[in-house]
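Here's the letter readout for the chains.
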Amino acid sequence: DRERVQEILETAAQRSNRIGVEAMGILDAYGIPTPEGAIVETPEAAQEAAESISGDVVMKIVSPDILHKSDIGGVKVGVSEDGVRDAFEDLITRAKNYQPDAQILGVQVQEMVDLETGTETILGMNRDPQFGPLLLFGLGGIFVEVLEDTTVRVAPVSQREATEMLGEIDSAPLLRGARGREPVDEPALIESIQRLSQLVTDFPAILELDINPLVASPEGVQAVDSRLTVD
Ligand code: ADP
Ligand code: MG
């Protein structure tokens with residue numbers, strides 16, 4: 001809902017106009033599912049957060065000054081419960097080494113998302129001076145720049161346009177169950193494209209936004225990482 005998004009954006013924008021996972025709640029507010037997670041400020045709180053999530057966790061540095069987290073070793077996948085405290089300290093150290101005056105909001109402790117059955121996609125938006133808000137969909141993950149398998153539409157998009165976007169990337173067969181893989185939940189993916197379309201239509205102050213990865217699996221979709229820029 002709009003009010004919740006407004007609130008989250010205002011809080012985040014007070015710190016910086018570049019915003020990372022601290023604003024993931026805006027996706028949730030618009031019905032784009034996110035994995036269970038929390039942003040914590042101490043090793044003890046990280047431990048508690050990890051204990052409340054079943055299985056191993058992913059831990060990430062949260063800083064408006066570090067929006068490409070893996071570039072500085074700021075993402076740790078598959079952390080077991082007894083590794084959480086050390087991982088917390090290590091993430092903070094890495095961030096400070098990278099940029100001593102970086103504003104550090106904490107560490108995100110997040111549920112693991114299954115990337116065996118799920119496929120990493122990217123769903124994003126940037127505003128073109130001529131065309132307005134452009135939605136981008138494609139194959140995601142850390143190789144997105146290398147693979148460049150994406151497609152674009154002007155928002156707002158209809159259900160039909162969102163469906164077309166899904167179908168026209170080169171990797172569409174991958175999503176539809178190539179090589180004996182189970183097809184991903186296409187309706188959930190199409191719905192997410194439309195929900196992002198609605199979000200950026202409702203909030204012109206969002207200048208650009210990336211969900212990367214949006215993991216699409218047979219069970220639905222999950223926005224695992226996001227960053228945005230506000231006016
Ligand atoms: P960044 O893009 O800032 O480097 P991400 O949060 O996107 O950080 O993490 C980088 C990569 O780590 C993702 O593309 C994904 O492959 C993996 N990853 C991140 N979070 C999870 C998660 N919750 N479960 C499984 N893999 C994850
Ligand atoms: Mg990412």
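Residue positions are given per chain, counted from 1 along the sequence in the order it is written. Think of it this way: whatever chain is written first is A, whatever ligand is written first is 1, and the rest follow in order. Local features are withheld for residues below a pLDDT of 70 in this predicted model, meaning they are given only at 70 or higher, and side-chain atom pairs are given and counted only at 80 or more; totals for whole chains, interfaces and linings count all residues. With hydrogens and water set aside, each side-chain value is computed from the structure's full complement of heavy atoms.

Draft legend 1. A look at the domain arrangement of the chain. Per the domain assignment, the segments of the chain are domain 1 (2–111) and domain 2 (119–230). An automatic or database domain assignment supplies the start and end points of every domain. Computed over C-alpha atoms, the centres of domain 1 and domain 2 are 22 Å apart. Across the boundary between the two partners, domain 1 contributes 27 residues, which contact 22 residues of domain 2. Note: buried area is the sum, over both parts, of the accessible area (probe 1.4 Å) each one loses when the two are combined. Of the roughly 2100 Å² buried at the junction of domain 1 and domain 2 (both faces included), carbon and sulfur atoms supply 61%. Of all residues in domain 1, Leu27, Tyr30 and Ile32 give up the largest surface area on contact with domain 2, accounting jointly for 27% of the area buried on that side. What counts as a salt bridge is simple: a side-chain nitrogen of Lys or Arg found within 4 Å of a carboxyl oxygen of Asp or Glu. At the boundary of domain 1 with domain 2, the tally comes to two salt bridges. Residue aspartate 202 is joined to arginine 2 by a salt bridge in which the shortest nitrogen-to-oxygen separation is 3.2 Å. In protein, a polar contact means a hydrogen-donor-capable atom and an acceptor-capable atom, both N or O and within 3.5 Å, with residues adjacent in sequence counting only if both atoms are side-chain atoms; elsewhere, any N or O pair within 3.5 Å suffices. At the surface where domain 1 touches domain 2, the tally comes to 11 residue pairs in polar contact (both at pLDDT 80 or more). Put simply, DSSP H or I for four residues or longer makes a helix, DSSP E for two residues or longer makes a strand, and each gets a number counted from the N terminus. Those elements giving two or more residues to the side of domain 1 that touches domain 2 turn out to be α1 (2–15), β1 (18–19), α2 (25–29) and β5 (106–111). When checking whether two residues touch, look at their non-hydrogen atoms; a contact exists if any pair is within 4.5 Å.

Draft legend 2. Expanded view of the sheet that holds strand β2 (residues 37–40). The criterion for strand pairing is that DSSP finds at least two bridges linking the strands in question. Read from one edge to the other, the open sheet built from four strands follows the order β2-β5-β3-β4, with strand pairing classed as antiparallel. Each of the sheet's edge strands pairs with one partner strand only, and the pair in question is β2 and β4 (75–79). Sheet twist, expressed as the average angle between the axes of neighbouring strands with direction ignored, equals 20°. The pairing of β2 with β5 spans four bridges and is classified as antiparallel. Across the sheet, valine 40 pairs through a bridge with valine 107, a residue of β5. To obtain each axis, a line is fitted to C-alpha atoms, and for helices this fit is confined to the stretch in contact; angles are then taken between N-to-C directions over 0 to 180 degrees. Packing of helix α3 (residues 43–51) onto the sheet brings it into contact with β2, β3 (57–62) and β5, and relative to β2 it is tilted by some 175°.

Draft legend 3. A look at the side chain of threonine 121. Here threonine 121 shows up in strand β6 (residues 119–128). Polar side-chain contacts of threonine 121 include one of 2.7 Å to the backbone oxygen of leucine 214. Not counting residues within four places of it along the chain, the set of residues in contact with threonine 121 comprises Phe137, Gly138, Leu139, Gly140, Leu175, Leu189, Ile211, Asn212, Pro213, Leu214 and Ala216.

Draft legend 4. Region of interest: the coordination of the magnesium ion (ligand 2). Metal sites are built from N, O and S donor atoms within 2.8 Å, or 3.2 Å for Na, K and Ca, and they leave out water, so they may look incomplete. In this structure, Asn212 (O) and Asp225 (OD) serve as the protein donors to the magnesium ion (ligand 2), at separations of 2.2 Å. Of this pair, asparagine 212 sits in strand β9 (residues 206–217) while aspartate 225 sits in the loop between β10 (220–223) and β11 (226–230), placing them 13 residues apart in sequence. Judged by relative accessible area, which is 12%, asparagine 212 ranks as buried. Note on classification: 1.4 Å probe, protein chains only; a residue is buried when its accessible area is under 20% of the maximum for its type, exposed when over 50%, partly exposed between these limits.

Draft legend 5. Focus on the site of ligand 1. To be near a molecule or strand, a residue needs just one of its heavy atoms within 4 Å of it. The local shell around ligand 1 holds 19 residues, among which Lys60, Lys69, Ser70, Val113 and Glu120 are the closest. The contact in question runs from an oxygen atom of ligand 1 to an N or O atom on the side chain of lysine 60, over 2.7 Å. Contact between ligand 1 and valine 113: a nitrogen atom at 2.9 Å from a main-chain N or O atom of the residue. Coverage of ligand 1 by the protein amounts to 91% of the 540 Å² it exposes when considered alone. Those elements giving two or more residues to the shell around ligand 1 turn out to be β3, β5 and β9. Reported accessibility uses the Shrake-Rupley method at a 1.4 Å probe radius. Residues are deemed covered only where the shown protein chains occlude them.

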